[in-house]
Amino acid sequence: YQPSFDKYPLNLFQNITTPIRPTDVIFQWHIPKAAGTTMKELLTKCFHLSRAENRWIPQSLEFRDHILNIDTAHIASIAHAKEFGLVQMDLLDVITSSYLHEGAALLTEEHKGRLFTVMRHPVDAAISMFFYLGNAHWESDYKEIF
């Protein structure tokens, strides 16, 4: 993997002043511990927007509750979704990823992105991460001493 602004151009995001087109895709840049998971649930459950998330194995084009079973949370999976032509299929309203540049590679000239994110004060995020890792036994960084 080589990061590259040429390979992952941010010019595939629409300017906020550009009129919204029906082919535009909402892109949520998910910053960990900054209400990103809550925002994903709001977009799906309250606004009834479809999004991709790997919920069960193996990945598939199966929808359940407005969620397409494709992973956009990891770099290798984003590359797979691009090869798959995920955005061109017109199945999704929202793409969520912590990888802004790599996720931008999913977009096309016809399916440009509308980027947004939710931020949190860094001290609040660090405190939240501390307590999360003290309870999240499934995480590789879990420490029982917390």
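Residues numbered from 1 in each chain as written. Predicted model: local features only at pLDDT ≥ 70, side-chain atom pairs only at ≥ 80, totals over all residues. Heavy atoms only, no water.

Student: A description of the overall build of the protein should follow, citing residues and the corresponding values.
Tutor: Scanning the protein from terminus to terminus reveals four helices and six strands. What you see in the protein, going N to C, is helices and strands ordered as β-α-β-β-β-α-β-α-β-α. In terms of overall size, the protein behaves like a compact globule, its C-alpha atoms giving a radius of gyration of 16 Å where 146 residues would be expected to give roughly 15 Å. The C-alpha extent of the protein, read off along each of the three principal axes, is 50 × 35 × 35 Å. The 146 residues of the protein split such that 37% are buried. When the accessible surface of the protein is summed, it comes to about 9,200 Å², and 60% of that surface belongs to carbon and sulfur atoms. When the 13 positive and 17 negative side-chain charges of the protein are each reduced to one mean point, those points stand 3 Å apart. (Helix = DSSP H or I, 4+ residues; strand = E, 2+ residues; numbered from the N terminus. Rg over C-alpha atoms; globule rule 2.2 N^0.38 Å. Buried < 20%, exposed > 50% of the residue type's maximum accessible area, 1.4 Å probe, protein only. Areas by Shrake-Rupley, 256 points an atom, 1.4 Å probe, with all protein chains shown as cover. Lys, Arg positive; Asp, Glu negative; His and termini not counted. Charge placed at Lys NZ, Arg CZ, Asp CG, Glu CD.)

Student: Can you tell me about unusual backbone geometry, naming the residues and giving the values?
Tutor: Residue Ile 57 is joined to Pro 58 through a cis peptide bond whose omega torsion reads 0°. By the element assignment, Pro 58 lies in the loop between strand E2 (51-52) and strand E3 (63-64). With phi around 65°, Ala 35 is a residue other than glycine that occupies positive phi space. Looking at where Ala 35 falls in the secondary structure, it is placed in the loop between strand E1 (25-29) and helix H1 (36-46). By relative accessible area, which is 42% here, Ala 35 ends up partly exposed. Here His 48, not a glycine, exhibits a phi torsion of approximately 55°, which is positive.

Student: A description of helix H2 (residues 75-84) should follow, citing residues and the corresponding values.
Tutor: Of the residues making up H2, those classed as buried are Ser 77, Ile 78 and Ala 81. For H2, the arc enclosing every buried residue in end-on projection is 105°, short of the 170-degree limit, so these residues lie on one face. Counted as exposed and oriented over 90 degrees from the buried face of H2: Ala 76 and Glu 83. On its buried side, H2 packs onto strand E5 (94-97) and helix H3 (100-104). Two residues or fewer past H2, Gly 85 is found with a positive phi of approximately 75°. (Arc of directions from axis to C-beta. Contact = heavy atoms within 4.5 Å.)

Student: Now, about the pairing of E1: what can you tell me, with residues and values included?
Tutor: As defined by bridge partners, E1 adjoins strand E6 (residues 113-117) across five bridges and the pair is classed as parallel. Within E6, the position partnered with Trp 29 by the bridge is Thr 117. Summarising the sheet, E1 and E5 pair through four bridges and their orientation is parallel. Bridged to Phe 27 within E5 is Ile 95. (Pairing = 2+ DSSP bridges.)

Student: Residues and numbers for the side chain of Thr 108, please.
Tutor: You can see Thr 108 is positioned in the loop between H3 and E6. Judged by relative accessible area, which is 16%, Thr 108 ranks as buried. A distance of 2.9 Å separates a polar atom in the side chain of Thr 108 from the backbone nitrogen of His 111. Contact partners of Thr 108, with chain neighbours within four places excluded, come to Leu 12 and Gln 88. (Polar contact = N/O pair within 3.5 Å; in protein donor to acceptor, adjacent residues only side chain to side chain.)

Student: Describe the environment of Ala 76, listing the residues and the values that go with them.
Tutor: Within the secondary structure, Ala 76 is located in helix H2. Looking at Ala 76, the relative accessible area reads 61%, which means it is exposed. Between the C-alpha atom of Ala 76 and that of Glu 102, which follows or precedes it by 26 residues, the distance is 9.6 Å.

Read these as spatial facts, not as claims about activity.
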